[in-house]
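Chain by chain, the residues run as shown.
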Amino acid sequence: MKNKTALRLILVITVIIILLPVCVMLLWTVTGRWPWPSLLPESYTGRTVAELFTGSSKIYEVLASSIILAALVAVLGTAIALMTARATEVYRIKGAKLISFAALLPLMVPGTVFAMGIQVYLIRIGLGDTLAGVVIVHLVAALPYCITIMMDMTAAVGDSLEEQAQVLGANPARAFWSVGIPRLLPGILSSISMAYIISYSQYFTTLLAGGGKIKTLALVMVPYIQSGDRALSSVYAVTFVGSALMVFAIFEAIIHRLIRGSE
Amino acid sequence: MKRIILSLLLAAVMVFSLAACGTEKAETNTSDAADPADMSWDEILEASKGTDVKFYGWGGDENRNNWLNGTVADYLKENYDINFEYVGMDINDILAKLTSEKEAGEDTGSIDMIWINGENFYSAKENGLLYGPFTDKLPNTEAYIDQNDPETLNDFCKPIDGYESPYAKAQLVMYNDSAVTPETPKSAAELLEYAKANPGKVTYPALPDFTGSAFVRNIIYETCGWEQFQDMEADKDKVKEAIQPALDYLKELNPYLWNEGKTFPADSTALDKMFQDGEVVMNMSYGPFTVASGIADGTLKDTCQTFVFDKGNIGNTNYMAIAYDAPNKPGAMVAINAIISADLQLTQYAELKELPVVAQDKLSDEEKAEFDKVDLGKGVLTQAELLSHRLPEMPADLVPVIEEIWTEEVVGK
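Definitions and limits used
- Residues numbered from 1 in each chain as written.
- Chains lettered and ligands numbered in written order.
- Predicted model: local features only at pLDDT ≥ 70, side-chain atom pairs only at ≥ 80, totals over all residues.
- Heavy atoms only, no water.
- Helix = DSSP H or I, 4+ residues; strand = E, 2+ residues; numbered from the N terminus.
- Areas by Shrake-Rupley, 256 points an atom, 1.4 Å probe, with all protein chains shown as cover.
- Lys, Arg positive; Asp, Glu negative; His and termini not counted.
- Charge placed at Lys NZ, Arg CZ, Asp CG, Glu CD.
- Expected span 1.5 Å × (residues − 1).
- Axes fitted to C-alpha atoms, helices over the stretch in contact; angles between N-to-C directions.
- Parallel < 35°, antiparallel > 145°, perpendicular 65-115°, else oblique.
- Contact = heavy atoms within 4.5 Å.
- Buried area = accessible area lost by both parts, 1.4 Å probe.
- Salt bridge = Lys/Arg side-chain N within 4 Å of Asp/Glu carboxyl O.
- Polar contact = N/O pair within 3.5 Å; in protein donor to acceptor, adjacent residues only side chain to side chain.
- Pairing = 2+ DSSP bridges.
- Buried < 20%, exposed > 50% of the residue type's maximum accessible area, 1.4 Å probe, protein only.

Participant: Tell me about the overall build of chain B, and please be specific about residues and values.
Facilitator: Looking only at helices and strands, one finds 18 helices and twelve strands in chain B. Surface accessibility of chain B: about 17,200 Å² in total, with carbon and sulfur atoms responsible for 52%. Here chain B contributes 33 positive and 72 negative side-chain charges, whose respective centroids are spaced 4 Å apart.

Participant: Go over helix 3 (residues 59–90) of chain A, please, and point to the residues and values.
Facilitator: Between its first and last C-alpha atoms helix 3 of chain A spans 45 Å; for 32 residues at 1.5 Å apiece the expected length is 46 Å, and the two agree. Positioned one or two residues after helix 3 of chain A, Arg92 of chain A has a phi angle of 45°, which is positive.

Participant: An account of the packing of helix 2 (residues 41–48) of chain B against helix 14 (residues 329–339) of chain B is needed here, citing residue identities and associated values.
Facilitator: Residues and elements named next belong to chain B. Running from amino to carboxyl end, helix 2 crosses helix 14 at an angle of 105°, the nearest separation of the two axes being 8 Å. Between helix 2 and helix 14, the crossing angle belongs to the class labelled roughly perpendicular. Only Pro330, Gly331, Met333, Val334 and Asn337 of helix 14 make contact with helix 2, whose side of the interface consists of Trp41, Ile44, Leu45, Ala47 and Ser48.

Participant: Break down the interface of chain B and chain A for me, with residues and values.
Facilitator: In this assembly, 37 residues from chain B lie in contact with 36 residues from chain A. At the boundary of chain B with chain A, total buried surface from both sides reaches about 3,100 Å², with 52% on carbon and sulfur atoms. For the interface between chain B and chain A, the tally reads five salt bridges. Here Arg230 of chain A and Asp277 of chain B are joined by a salt bridge, their closest N and O atoms 3.0 Å apart. Inspection of the chain B/chain A interface yields twelve residue pairs in polar contact (both at pLDDT 80 or more). In terms of residue count, the dominant contributor to the side of chain B that touches chain A is helix 4 (residues 91–103) of chain B (six residues).

Participant: Account for the sheet that holds strand 8 (residues 173–177) of chain B, with residues named and values stated.
Facilitator: Residue and element names in this part refer to chain B. The strand order 9-8-10 describes an open sheet built from three strands, whose pairing is antiparallel. Edge positions in the sheet fall to strand 9 (282–285) and strand 10 (304–307), since each of these pairs with one other strand and no more. Between one strand axis and the next, the sheet turns through 30° on average, direction left out of account. Direction of pairing for strand 8 relative to strand 10: antiparallel, over a ladder of four bridges. Residue Asp177 lies in a different strand from strand 10, and its bridge partner there is Cys304.

Participant: Explain the pairing of strand 9 of chain B to me, and be specific about the residues and the numbers.
Facilitator: Residue and element names in this part refer to chain B. Neither face of strand 9 is exposed, since Met282 and Met284 on one face and Asn283 and Ser285 on the opposite face are all buried. With four bridges joining them, strand 8 and strand 9 adopt antiparallel strand pairing. Residue pairing across strands places Val173 opposite Ser285, the latter belonging to strand 9.

Structure, rendered in structure tokens:
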């Protein structure tokens, strides 16, 4: 009994620690002035919300291009990670260990260094300032996480049930599609979400690889955060978090439908 | 099987790189056709019709973003049929991008115009990242810009040589809340008294922050005079000797500063927040009308007041340049020409509260009247007061030397 109360207390504290800053941020979106030691803002304003919707940043276009870009990276990244994981964990190709180690290498190079180096290369191969270039750069940032998630998942699920299906007469593709994939879905969802949020929050790499032609929410938001306008930064931060959560909810709904469909 | 996959991959790579060469070649052709160096102004106007112009610069000021993508874009579309777009990007990132493009041998990039000045202009010009000279070609250079103004000829004492055109004038000002501290220090000595009266509630941003660095240069001008620095060599020992009185002053100031001068706010935005929160009683800005905008959008109280030192405050001009690999040089020239016109400088003055770069004596009476009509808002100094208290910048290469000396000699001493 005592144990349960303690657990509940921890849960409540955790929720407060997470939700309180979010509430403060929501309040900041309409704050004019909020000097110390006032508990609540001294003045309120609709300036920032008006700026978000009617300013020159074209928020809907920016949101659409951010979401499309991040979704593209999420799907491609997860597909690549799934194939890599199958190759190393199921088919155990030669050099599997090396591949799983190499997959983590991009984490060792700081993003800014990587972005500046690859930009020259992207320009040389004609991909500078293009969507394809930005997708490639984001993929490099996201793949270490996707591959790690998918390798763990694939190793845990194994291929015994797929073999079972093949014994019962299914061809390898059918076995993979009907038996393998459904069991990997939780991992696929994690990998997609991870890749999505990594791409969605890239700033410097998008800036250099996209050259300002590929517009994302982070590109508009970060200068406002750097300029110290707390109210405007909060409006963009709420938009950023809100839109990401919305997309996650959609991903999750799709995956759940797939799981139910396969059962 | 493996061999087939391998050869397919190789084939794909080859097609890929061939395609890449193809696009590079195609782009080169368009840039050759558009070098305005030997075109007349009418030809430049003709060539820019219906084209896109992209202006890259700092994107952290929503009012400026709206002015550029709204007022300026509409004006250019209406009068010159140019599709103008402002892209927010830090100057360091812009220069990194141009450097990469230069390194990759690219001759058609994506940046047309750049918002730039000082150190960055000096290094960009030295490294061949800018196109020029072009300012002589613009009719409005002659029509509106004072040709003898040192800020037209030099940027941080480095010759401009026609590689950038004035955009707006900035000037360092200090401000406080008259409801909290009514006094406005008029000199370095008065500032010291002010800090003593408000211990721990005065500070300035840590160098190399742009504003903090300007403030320290202003203190140097206060205590050592400004003339001797205009042609000084960037030799650390010499500079240190010349600014010794300022270093002594700053060290004397330290014990009365926020956190006793052991640390300083990381940048001017950190100091802005501290001032808004009431943690310090004085703030400073490179935008001379910052207080008016702050009062207008509700982040500052309407009792805030702007002040400068009697001996004057540092002012500089920021400029527009054209990238060496700009895809649309004629369009960029037409856009720059429009932005330095009285029409758009007036809207910049009215909407953004920026000091205009047009010379007062080149304006017609009607244009002058329009400028006089602009309501600057509360808590600011007039354009005349600012310009009569305006001191020129130091040579660009002295700035990092002073920043280095400050870090060694002043912090925590």
